[in-house]
Each structure stands twice: as C-alpha cells, then as structure tokens.
Amino acid sequence: MGALLSPAAGGRGVTQAPILEVRHLTRLFGAGGSLAGRGLAALGLAPPPRPVRALDDVSFAVARGEVMGVVGESGCGKSTLGKIVAGLMRPSSGEVRHAGRPVPAGVPRGLDRQMIFQDPFSSLNPRKRVTDLIGEAPRVHRIVAPREVPAYVAGLMERCGIDPEYGDRFAHQFSGGQRQRIGIARALAVKPELLVCDEAVSALDVSIQAQIVNLFMDLREELGLTYLFISHDLGVVRHVADRVLVMYLGRVVESGQVEEVFDRPNHPYTRALVAAVPRLDRRRVAYAPIRGDIPSPMNPPPGCHFHPRCPLATARCRAEMPVLRTVAPGRRAACHLND
Amino acid sequence: MAPVLDIRGLRTAFATAAGDLHALDGIDLVVNRGEIVALVGESGSGKSVTGFSITGLLPAAARVTAGEVRLNGIDLRALSPAAMRSLRGRKVAMIFQDPMMTLNPVLRIDTQMTDALRAHLPLGRAEARARCAAALAEVGIDEPEARLKMYPHQLSGGMRQRVAIAIALLHSPDLVIADEPTTALDVTIQGQILAVVQRLCREKGTALVWITHDLAVVAGIADRIAVMYAGRIVEQGPVDAVLDAPRHPYTRGLIDSVPASHPKGQRLPQIPGRMPTLTELPEGCAFAPRCTRRSAACAARPDPAEAAPGRWVRCFHPLPGAGG
C-alpha cells in the first residue's frame, strides 16, 4: 500500500492529475466585520478589524486512492482546511482542483467530495429516520431510480455494519459507534470519490474506534476511495495514512510519508508533537514537555509562528517567516534551520 | 500504615422508574501514599461514578448501597454531610475533565482561590493571596500575580486546567481524584499537565486516582492499573504486568484496539459489539457476550481472583500469564 505513490510535492510534472489539489489556500475570518463596525473604523472611531488567518497559503496534492493525514493542535486550521476541501466553506483566496479541474467555490457543490464529522450526535438530523438520512440525497440527485432507493439504502447500511432492520429508527436510538456508521453510509450514498474525515474517530471509545478505522480501510480498498484524514491522534493517522501534513497556526510546517515524518521529524514542532504523544510502550515517563501555550491565531507571533516555544529558535526565526520547501524527496518542511 | 484509600465491595445505584440500576457492582480498590493508580475504562464503565462515590459528589438520583470507602482508615459512608464537606477539598480533592466544573466563570481567579483556601484555614487576605500565587507558580504558571487578577475566560484551556489543579492541591490533600483531566487538551499541553501532576504527587506523597479511557496516558504515569467494564473492575495489577501480559480478555481487546501497537495498514483486532447499558446487563460476566473465550460457566457472576501477588482478575477463563 505504501506504493500508492504520491505526486511530487506541489503537484507539478505528474502524468495523472491528482484527484485533489489545493493551491495557496488562505482563509480569513472577520476580515469584513459588520457594516457599522466598518463605518466606525473608517471614521477612526473603532479599531480596524483584525482578521484571523485560519489558513495561510496551504498547498498540497493527493493522488487517487491515497490517504492524506492532517495533524495539528487546536487552532492549526485543520478543520477549516477540511471544510474548504469538502466544499462547505469558500476560501478567501487560492483554489481547490478536482482531478485537474478547478472546483468553482460555492453552490451547487459537487457530490464527489463528502465529509464525515467528528460528532455523530450532532451531524445527523434527529427528526429523520435512518432510511431518510441515508436515502434522501441519492433520491434527490437521482443516483438510483426511486423504486430502487430502499434496496440501495439497505445495501449501504449492511456494508457499513448497521442492521437494515433498524431503518425506521431515529439517530438517537443508536450508540455513538453506530451513529458514526450511519454518517459514513450517508456520505457514501452519493458515490463520492473523496472523503474528508474530520476527527471522525476521535469521539469514539477505543474498541469502537478500531471497528470504524477498519471500516474506513475496507471501504478504501473496495471503492478506491481517497481520504483527507484529519485527526489530532497521531497513532490513528500513522495507521491509516500514506502521507501527512503537520499544521501549526494555519500553516503547513512539515509534510511527507507518514512514517518518515513521525520517525524522523524535521521541524522542531513535529518533534515536540511526536515526543508528547503518550505510548503504550513508554512506562513511567519523566515528562519534559515543550513550554508555553499555543498562541492565539488572532495574534500570531511574527516570523516563524512556533518560535516562542521552540528550543532552537534564533534571531532570524523571530523576524522572518520560513518558507515550506523540499528538504528531501517527497518531504517538505518550513524551518530556517534547514538552511 | 493504613492505605490512603481503601474501597471494599462498593456498590452504587441509580434510582430509575425501572427500579435501582447498579452502575457500580462490587468495586475493590486500594491506593497507597504517593501511588498513582489508573482507573481505565470506556464510556459507561462506571469509572467516573467511582470517583463521585468516593468524594460524595454523586448526583441526587444515585446513592451508595453497599460496601466501604475508607480514607486514612475513616469510613466516609458513616460521616455526616457536614463532616464530609470539611474533608472535601482538605483531605480529598477532585480534578475534572472540564476545568469549568471547578471554576466559577464570573469570579476572578484570586477570589475563587482565596475562598477555597480560607474555607478550611483561618488566614488573612494578604497571606491567603500570597499562598495562592505560590500555588499557581507551583503548577507552572508564569506571572502568577497577574493571572490571579484574571477571569477564567481570559485563560487558555491548558492554563485553566492548571488553575483547577492548583486549587485541588491548595490544602495538600492526601488523595486526589483526577477524572480525565487531559482528555480535552492538546497533546503538547497534555504533556505539560502530566508533568506537573506527576512531579507534585511524587514530591508531596499525594495518592492519585487517574480516571481515563486512554491506556497510553496511564502507561506513562501510573504505578498500577485497574480496568473497569460495566461497573466492575475486571482486572488490576502493576502497570507493566497488566499492559504486557493482560489476563482478562477485555483488557487484551482494549490493548489490541490501539492502532499504534500494529503494523501500519493491518486490520485492527476489534472487540465485536459494544458495552451493555445498565438496563441490559447480563446476569453473569458482563463481557461474555463479546468474548471469544466464553463458556457456559460465564452465565454465573465471576468474582475477583488473585492470579499473582497484587494481580486480580475477574474471569472464569483468564488468559495464561507470562511466566506466572
């Protein structure tokens, strides 16, 4: 499976167009502000709006059938990235390309990219029965003939490990793991090519998490799905992903093959992150964590965003933003120490 | 010397329309001075109810129906509410997953901390304040004087959890019960909290019960592990013994479900089904319906058996131990 090789970083010089390509994606929040606020700011009566740069110049490509992991802590922009890729949010600038073609931002959005959410408790309409939750989209979009919808839904339920007998139930009548299976069946109902999983197994108990991780891997093999797998759990990402993007405060700080990145991290942040992850085989650890909080994205530090917490920071890191560039074949990092 | 915490046969029930449902069914747990014991289990296993049963903070519908809870030899069940209140915060303290369970959102940190301190100690304001600042410094908060003047919302999640820990440790309690205190935190912040808790327990000899669903966290911090399933401790013992050679099939399944212990891309061994809810508990072993080793014997209730010194397993068909 490791042979599913990735296009070159940046996506140039690839014969088959990557199924997903993201170019210079940036997303600002609060740039406009309210009309009154802008008016007051124009008159000098209020401070000008300070936009939050949730996503800052993110570029990468994912090959068909590949699993791209995205890891990072709160405020790193991983969920914003997922929403933009899934077509649920417009970028402020930059573009998303699907199989070589630019995807127009906004509605109606394509069905070929679907999202699985973290919280199966809030992502399913509580007033709809399971057959409708799963069957509505394929019926409306005429993916199957109206007469065939019930059988189609039953097949999806079976495939995702939900007893089709339960089709008349409501979401609240299922356990968390079962609800996540319903969410997956719903996403698959419109025959997507790419699934964006945003912390899709994070809220589940570990024995249930294993069931869902296995389901994702089986579906990938059977249906040739491509995943953007967003998670804060490095263990899960290592298990399912081929490559990984490590994000910090809206920017990609490192990317590459998942084992390479986790076993031989280049960026000091990746190193700190990998070291902080508790592991079953590490007993009676003397924790020596990196100091400091994750800075607020409203007010990111100048230069390299990580410099206030970085044990190796120099004067240059405080002044100049490092550029994400290739440091080894298939490996990118944004750190001045590589110069 | 008596252990700090000694629980025998603890049963806790929730009163429902369908009658009493036992969320805890015969918990035995001993924690010694300076020891860190992890209580591990999935949602609904009863691990948090165990914590609340010890501290006397159970919701109104729940009550302890049987068993003993002794803190330094004192039977907590025999205490009046007033006596229990005077122990709580002073001898036994609790840290929650959400620090806002501890903190009042509309009071400044200094108000809350000095209140907590002066509830049990006859201190003047200035002295109380100085002690609070020292307590914040001890959990690794920079500029404690400035932080004391802040409201909880002005602090980050990790910082709030540090404040909650500082409050829990204000009176140097003999026992701290930490209920998933790092679950909501980012991993680099979790590392900071683990370091603080670990250091303070070692330095002060505080006994710690660390409640969590995350086996990897306890591998790094705990001395002993107790694994809970559907209201019972199914296995307990020293951390290395339990994690390296689990005896209960559920513990084995839980360890195998962790992705990091498998070659990449391989199917994870999964435990079929899910934990029964309180209304659907089977008569005998609650894990039997999901267990590959079950037999007719499992229809009866298994009792804890000492498989090796300090090693208890509640199973009719335990896995073979590694060299005893």
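Residues numbered from 1 in each chain as written. Chains lettered and ligands numbered in written order. Predicted model: local features only at pLDDT ≥ 70, side-chain atom pairs only at ≥ 80, totals over all residues.

**What to know about the overall build of chain A**
Scanning chain A for helices and strands turns up 10 helices and 12 strands. Its C-alpha radius of gyration of 21 Å places chain A within 12% of the 20 Å reference for a compact globule of 339 residues. Along the three orthogonal principal directions, the C-alpha set of chain A runs to about 65 × 60 × 45 Å. The 339 residues of chain A split such that 45% are buried. (Helix = DSSP H or I, 4+ residues; strand = E, 2+ residues; numbered from the N terminus. Rg over C-alpha atoms; globule rule 2.2 N^0.38 Å. Buried ≥ 20, exposed ≤ 12 C-beta atoms within 10 Å, placed from the backbone.)

**A short note on the overall build of chain B**
For chain B, the helix and strand inventory stands at 10 helices and 12 strands. Expected size for 324 residues packed as a compact globule is a radius of gyration near 20 Å; at 21 Å, chain B falls within 12% of this value. Principal axes of the C-alpha set define a box for chain B whose edges measure 65 × 50 × 40 Å. Here chain B holds 324 residues, and 48% of them are scored as buried. Across chain B, every contact between residues at least 6 apart in sequence was considered, and the portion connecting residues at least 24 apart equals 64%. (Contact = placed C-beta atoms within 7 Å.)

**Examining the sheet that holds strand 6 (residues 92-95) of chain B**
All names here are of chain B. Spatially, the eight strands line up as an open sheet ordered 6-7-8-3-9-10-12-11, and their pairing is mixed. A strand with exactly one partner marks an edge of an open sheet, and here the two such strands are strand 6 and strand 11 (305-308). Between one strand and the next, the sheet's axes are offset by a mean angle of 25°, whatever the strand orientation. Across five bridges, strand 7 (residues 175-179) lies against strand 8 (residues 207-212) in parallel orientation. Paired with valine 176 across the strands is leucine 208, a residue of strand 8. (Pairing = 2+ DSSP bridges. Axes fitted to C-alpha atoms, helices over the stretch in contact; angles between N-to-C directions.)

**Quick notes on the interface of chain B and chain A**
If you look at the interface, chain B gives 40 residues, while chain A gives 36 residues. Those elements that provide at least two residues to the side of chain B that touches chain A are helix 6 (157-168), helix 7 (187-204), helix 8 (215-221), helix 9 (239-244) and helix 10 (249-256) of chain B. Examining the composition of the side of chain B that touches chain A, we find that eight residues originate from one element, helix 7 of chain B, more than from any other. Class assignment for the residues of the side of chain B that touches chain A results in 17 nonpolar, 16 polar and seven charged. (Nonpolar A, V, L, I, M, F, W, Y, C, P; charged D, E, K, R; others polar.)

**Examining the nonpolar core**
In this structure, Ala185, Leu228 and Phe229 of chain A together with Trp210 and Val218 of chain B are the most contacted members of the largest nonpolar core, which totals 189 residues. Sort the elements by how many residues they give to this core and helix 7 of chain B lands first, with eight residues. Aside from chain neighbours lying at most four places away, what touches tryptophan 210 of chain B is Ile36, Ala38, Ala178, Val218, Ile221 and Ala222 of chain B. (Core = buried A, V, L, I, M, F, W, Y, C linked by C-beta atoms within 7 Å.)

**Describing the confidence of the model for chain A**
As a note on interpretation, predicted positions should not be read in detail where pLDDT is low. Averaged over every residue, the pLDDT of chain A is 88; residues scoring 70 or more account for 93%. This model gives residues 1-14 of chain A a pLDDT under 50, and the stretch forms 25 contacts once residues within four places in sequence are excluded. (pLDDT = per-residue confidence, 0-100.)

**Re the environment of glutamate 165 of chain A**
With respect to the element layout, glutamate 165 of chain A can be found in the loop between helix 4 (149-159) and helix 5 (176-188). On a C-alpha basis, the gap between glutamate 165 of chain A and alanine 154 of chain A in space is 8.5 Å, while along the polypeptide they are 11 residues apart.

**Examining the pairing of strand 1 (residues 5-16) of chain B**
Two faces, one strand: in a regular strand the side chains alternate between the faces of the sheet. Residue and element names in this part refer to chain B. By the bridge criterion, 10 bridges tie strand 1 to strand 2 (residues 19-31) in an arrangement that is antiparallel. Residue pairing in the sheet places phenylalanine 14 in a bridge with leucine 21 of strand 2. Between the end of strand 1 and the start of strand 2, which pair antiparallel, lie two residues. Bridge count between strand 1 and strand 4 (residues 62-71): eight bridges; the pairing is antiparallel. Its bridge partner lying in strand 4, alanine 13 is registered against arginine 63.

**Here's the deal with the sheet that holds strand 2 of chain B**
Residues and elements named next belong to chain B. Read across the sheet, four strands follow the order 2-1-4-5 without closing on themselves; strand pairing throughout is antiparallel. Strands with a single pairing partner mark the edges of an open sheet, and in this sheet they are strand 2 and strand 5 (74-75). Packed on one face of the sheet, helix 1 (residues 47-55) meets strand 1, strand 2 and strand 4 and runs near 75° to strand 2.

**A look at the packing of helix 6 of chain B against helix 7 of chain B**
Residues and elements named next belong to chain B. Where helix 6 contacts helix 7, the two axes come as close as 10 Å, and the packing angle between them is 15°. By the angle between their axes, helix 6 is roughly parallel relative to helix 7. Once helix 6 is placed against helix 7, the crossing between them reads as right-handed. Where helix 6 approaches helix 7, its residues Gly158, Gln161, Arg162 and Ile165 are matched on the opposing element by Ile189, Gln192, Ile193, Val196 and Val197. Partitioned by chemical class, the residues of the contact of helix 6 with helix 7 number five nonpolar, three polar and one charged. (Parallel < 35°, antiparallel > 145°, perpendicular 65-115°, else oblique. Left-handed = near helix turned anticlockwise from the far one by under 90°.)

**So, helix 7 of chain B**
The end-to-end C-alpha distance of helix 7 of chain B, which contains 18 residues, comes to 26 Å, matching closely the 26 Å that a straight helix rising 1.5 Å per residue would cover. Within helix 7 of chain B, the full set of buried residues consists of Val187, Thr188, Ile189, Gln190, Gly191, Gln192, Ile193, Leu194, Val196, Val197, Leu200 and Cys201 of chain B. Its buried side turned inward, helix 7 of chain B meets helix 9 (268-276) of chain A together with strand 3 (36-40), helix 6, strand 7, strand 8 and helix 8 of chain B. Within two residues after helix 7 of chain B, glycine 205 of chain B carries a phi angle of roughly 70°, on the positive side. (Expected span 1.5 Å × (residues − 1).)

**Notes on the environment of proline 49 of chain A**
Residues and elements named next belong to chain A. For proline 49, the position within the fold is in the loop between helix 1 (35-42) and strand 2 (52-62). Here proline 49 falls in the partly exposed class, since 15 other C-beta atoms lie within 10 Å of it. Linking proline 49 and serine 255, residues 206 residues apart in sequence, is a C-alpha distance of 33 Å.

**A word on unusual backbone geometry**
Residues and elements named next belong to chain A. Phi is positive for histidine 24, close to 45°, though the residue is something other than glycine. The exposed category is assigned to histidine 24, around which 12 C-beta atoms lie within 10 Å. Of note, the phi angle at glutamate 199 is positive, near 55°, even though the residue is not glycine. The topology assignment puts glutamate 199 in the loop between strand 7 (194-198) and helix 6 (206-223). A count of 19 C-beta atoms within 10 Å places glutamate 199 in the partly exposed class.

**So, the pairing of strand 7 of chain A**
Residue and element names in this part refer to chain A. Most of strand 7 is tucked away: five of the five residues are buried. Of the two faces of strand 7, the one carrying Leu194, Val196 and Asp198 and the one carrying Leu195 and Cys197 are both buried. Where strand 6 (residues 113-116) and strand 7 come together, four bridges link them in parallel fashion. Paired with arginine 113 across the strands is leucine 194, a residue of strand 7. Relative to strand 8 (residues 226-230), strand 7 is paired through five bridges, and the arrangement is parallel. For cysteine 197, the partnering residue across the bridge sits in strand 8 and is phenylalanine 229. Where the polypeptide runs from strand 7 across helix 6 and back to strand 8, its parallel neighbour, the crossover connection is right-handed. (Right-handed = clockwise from strand over helix to strand, strands pointing away.)

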